[in-house]
Amino acid sequence: MGQAISQDHAKPVSLKQVKIKDDFWNYYINLVRDVVVPYQWDAINDRVEGAERSGAVSNFKIAAGLEKGDFYGFVFQDTDVAKWLEAVAYLLETKRDEALEQVADEMIDIIGKAQQPDGYLNTYFTIKEPDKKWTNLTECHELYSAGHMIEAGVAYYRATGKRQLLDIVCRIADDIAVVFGDGPGQIAGYDGHQEVELALVKLYETTSNRKYLELSSYFIDKRGQLPNFFEEEADRRGRTTHWSNNKIHIKPEYFQAHVPVREQEAAVGHAVRVVYMLAGMADVARETGDESLLEACRRLWDNIASKQMYITGGIGSMAQGEAFSFDYDLPNDTVYSETCASIGLIFFAHRMLQLEPNSRYADVMERALFNTVIAGMSRDGKHFFYVNPLEVTPEVCEGKNKNFNHVKPVRQEWFGCACCPPNIARLLASLGEYLYSTKENTIYSHLYIGGEAELSLGATKVQLKQQSSMPWEGTARFEVSVEKPASFTLALRIPDWSSKAAVLVNGEAFAIEGNIVDGYAHIERIWTAGDIVELTLDMPILRVRSHPLVKQNAGKVALQRGPLVYCIEEADNGAQLQELLLPQDAELDLSFNDELIGGIQVIKADALRLQFEQWGSQLYRTNTEAALESAKVTFIPYYAWANRGQGEMAVWVKERF
């Protein structure tokens, strides 16, 4: 363990303390409640016609002895049920729903019956290979699956007070504590897919059983030690692989097991695993005060955010291994940018904000949320992106070029590997947790989303009512209510997309110059009931260019306004989007279209289109001149693309200097 850090960290706000009332976000939260969660329940019960079979619920019934049959799906199929239950828990925490709770309770009963006497719970190994449990942690995700069920158990207990699932997951964790460790007969290893680390910290916070925190620390500290655990494990089982008849070849970087976590300099390997690992590392650093672990978190955050992140908050540029590739390698068309990876990045950012409230974390959290995460789900809540490209040509990614097979031009109904849809559901259902945090005598406002919050600063109870016009306009209004005058600080994030901010307190200008700390405007005063704070953020249309080492974007520009990144679509601009050029001095006109995709602000400009007339059949020509014709170009928010059928799309557009 490293040097201790201050235990005086910021604390997140629970869902019970926040009620979101926001024109933009209530649509998505209600969509999760009314459409997504019921639809996903049908999907994991194999009741969605035309969608890929799930088998997730039937696997639990078979493992419980309630049905006959064979296991179906991926080795980690249980997590679809766990994430669905977690999303349900967050919905129940914000609004009771007896019918939904009864469905969840019945599912929990089945899960309890599927659990083995020693606490082990995994339907794949229970049904299919009971003699091989804990023999292939590299590939088979047993601890990952356990982690998701633990998160569900914690969330359901917090929402309902019911202990059944919490007791189930405590038995899971107790069994893991017996199986893993450095003692005789124990497994001195860790999972191929990180997740249990952050889940165990949640279980510790809920039960106060320090064994769970120590177990999380153990898994984090073991990763990357020599001799390599995955190599030794592979040797023990004859180097067989779960996925084929071939012999396994271990690439430690893929699993972030190439060096100990404190020595890692850059994000490498499977992107979701990286950010889940970092979320767990940040949790353990917070709870143990481990400075070296926090420093590793900072270092890897900087690498991701400054060298390996898309403008949309997407991460993981490479389809091979759903992985990071190398610094500044950010292709737009073959990109992976898995929805789950951006959700994991939000988890990581949220935890870093607890360790050190700094707007750089909240800026990325906002970027990923407003762009990649909600782009991952259609407006009807029944279609989803697993991969989030920044450039699409439909005929290319429909089988004509196998390098693009992972890219889909339209959202899909469901996936055999359906990690992303329930991940979107659980994040949006828990969105209230991400808005605020408190530290000592300060309330931090991280995201400008309307609603009410009841917060505590020591003995002082504070009620905040926020009205927000974002993402369309740059204003937020806070009404402060306290039982008696109280001195504290309200810290308002000044986003990286705004170069000018102004604050009024009870109608009078507050000088924020000199009062900005780590990107937050600190308003310290004695507050009384009815005090009003108004924040105005300049929200220009920004022309964004990439670092010169991002070769794929050389000579190109993207548009952003507020937290929203924009793109062009074939539906507005016709085909062959690569022919469009945006002049550097083109006027960018903003207008709100109530009729389009639920109501969006569009950006229009006079552009140019390359024209090559009478080309003929020659592949290459020398005596040709390109004509530039005037063209109108329309940009829409990236999150809204692919809601009007199939067509081309691009975020980055050629720029005319």
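Our structure is the block above this text.
Keep in mind the model is a prediction, meaning the values are calculated, not measured.

Trainee: Tell me about the sheet that holds strand 13 (residues 508-510), and please be specific about residues and values.
Mentor: Strand order in the open sheet formed by seven strands is 2-8-9-10-16-12-13, with antiparallel pairing between adjacent strands. The strands lining the two open edges of the sheet, one partner per strand, are strand 2 (18-20) and strand 13. When strand polarity is set aside, the average angle formed by the axes of neighbouring strands in this sheet is 25°. Looking at chain direction, strand 9 (residues 460-468) and strand 10 (residues 475-482) are connected through seven bridges and run antiparallel. In the strand pairing of strand 10, lysine 465 is matched with glutamate 479.

Trainee: Before we move on, can you summarise the sheet that holds strand 7 (residues 442-445) with the specific residues and values?
Mentor: Here six strands make up an open sheet; going across it, the order is 1-6-7-11-15-14 and the pairing mixed. With one partner strand each, in any of the chains shown, strand 1 (11-12) and strand 14 (516-517) form the two edges of the open sheet. Pairing geometry for strand 1 and strand 6 (residues 436-439), over two bridges, is antiparallel. The residue bridging proline 12 from the neighbouring strand is serine 437, located in strand 6. Across the sheet, helix 15 (residues 359-375) is in contact with strand 11 (486-493) and strand 15 (520-527); its angle to strand 11 comes to roughly 55°.

Trainee: Tell me what's going on with the packing of aromatic side chains, and back it up with residues and numbers.
Mentor: Under the definition given, this model contains 31 aromatic pairs. Aromatic side chains tyrosine 218 and phenylalanine 219 sit 6.0 Å apart centroid to centroid with 65° between the ring planes, which places their arrangement in the edge-to-face category. Assessed through its relative accessible area of 15%, tyrosine 218 is described here as buried. Cluster of aromatic residues (ring-pair linked, three or more members): Phe24, Trp25, Tyr27, Tyr28, Phe370, Trp472, Phe592 and Tyr639. The side chain of arginine 53 reaches across the aromatic face of tyrosine 72, ending 4.0 Å from its centre.

Trainee: So, the side chain of serine 359: which residues are in play, and what are the values?
Mentor: Mapping serine 359 onto the fold places it in helix 15. Taking relative accessible area as the criterion, serine 359 reaches 9% and is therefore assigned buried. Discounting chain neighbours no more than four positions away, the residues touching serine 359 are Arg493, Asp518, Gly519 and Tyr520.

Trainee: Residue-level account of the pairing of strand 12 (residues 501-505), with values.
Mentor: Judged from the five bridges that link them, strand 12 and strand 16 (residues 531-537) form a sheet pairing that is antiparallel. For valine 503, the partnering residue across the bridge sits in strand 16 and is leucine 535. Where strand 12 and strand 13 come together, three bridges link them in antiparallel fashion. Looking at the pairing, leucine 504 lines up with alanine 509 of strand 13. Linking two consecutive strands that pair antiparallel, namely strand 12 and strand 13, is a turn of two residues; a positive phi of about 50° is found at asparagine 506 within it.

Trainee: Residues and numbers for unusual backbone geometry, please.
Mentor: A cis amide bond links leucine 226 with the next residue in sequence, proline 227, at an omega value of 0°. With omega at 15°, the peptide bond leading from methionine 470 into proline 471 counts as cis. Mapped onto the elements of the fold, proline 471 is located in the loop between strand 9 and strand 10. We note that serine 208 has phi near 65°; this positive angle belongs to a residue other than glycine. The backbone of serine 337 shows a phi angle near 45°, a positive value even though the residue is not glycine. Assignment of secondary structure puts serine 337 in the loop between strand 4 (323-324) and helix 14 (339-355).

Trainee: Kindly report on helix 8 (residues 164-179), identifying the contributing residues and their values.
Mentor: Look at helix 8: 23 Å from first C-alpha to last across 16 residues, which is about the 22 Å you get at 1.5 Å a residue. Listing the buried residues of helix 8 in full gives Leu165, Leu166, Ile168, Val169, Cys170, Ile172, Ala173, Asp175, Ile176, Ala177 and Val179. Considering only its buried residues, helix 8 is in contact with helix 3 (78-94), helix 4 (98-114), helix 7 (142-160), helix 9 (196-207) and helix 10 (210-222).

Trainee: Account for the environment of serine 208, with residues named and values stated.
Mentor: Its place among the elements puts serine 208 in the loop between helix 9 and helix 10. The class of serine 208 is exposed, set by a relative accessible area of 59%. Remark: the alpha-carbon pair of serine 208 and glutamate 291, spanning 83 residues in sequence, is separated by 22 Å.

Trainee: Now, about helix 9: what can you tell me, with residues and values included?
Mentor: The first and last C-alpha atoms of helix 9 sit 16 Å apart over twelve residues, in line with the 16 Å expected at 1.5 Å per residue. With nine of twelve residues buried, helix 9 is to be regarded as a mostly interior element. Those residues of helix 9 not exposed but buried are Val196, Glu197, Leu198, Ala199, Leu200, Val201, Lys202, Leu203 and Tyr204. Considering only its buried residues, helix 9 is in contact with helix 3, helix 7, helix 8, helix 10, helix 12 (271-288) and helix 14. Looking one or two residues past helix 9, serine 208 carries a phi angle of roughly 65°, positive in sign.

Thresholds, definitions, all that
Residues numbered from 1 in each chain as written. Predicted model: local features only at pLDDT ≥ 70, side-chain atom pairs only at ≥ 80, totals over all residues. Heavy atoms only, no water. Pairing = 2+ DSSP bridges. Helix = DSSP H or I, 4+ residues; strand = E, 2+ residues; numbered from the N terminus. Axes fitted to C-alpha atoms, helices over the stretch in contact; angles between N-to-C directions. Contact = heavy atoms within 4.5 Å. Phe/Tyr/Trp six-rings, centres within 6.5 Å; stacked < 30°, edge-to-face > 60°. Buried < 20%, exposed > 50% of the residue type's maximum accessible area, 1.4 Å probe, protein only. Lys NZ or Arg CZ within 6 Å of the ring centre and 35° of its normal. Expected span 1.5 Å × (residues − 1).

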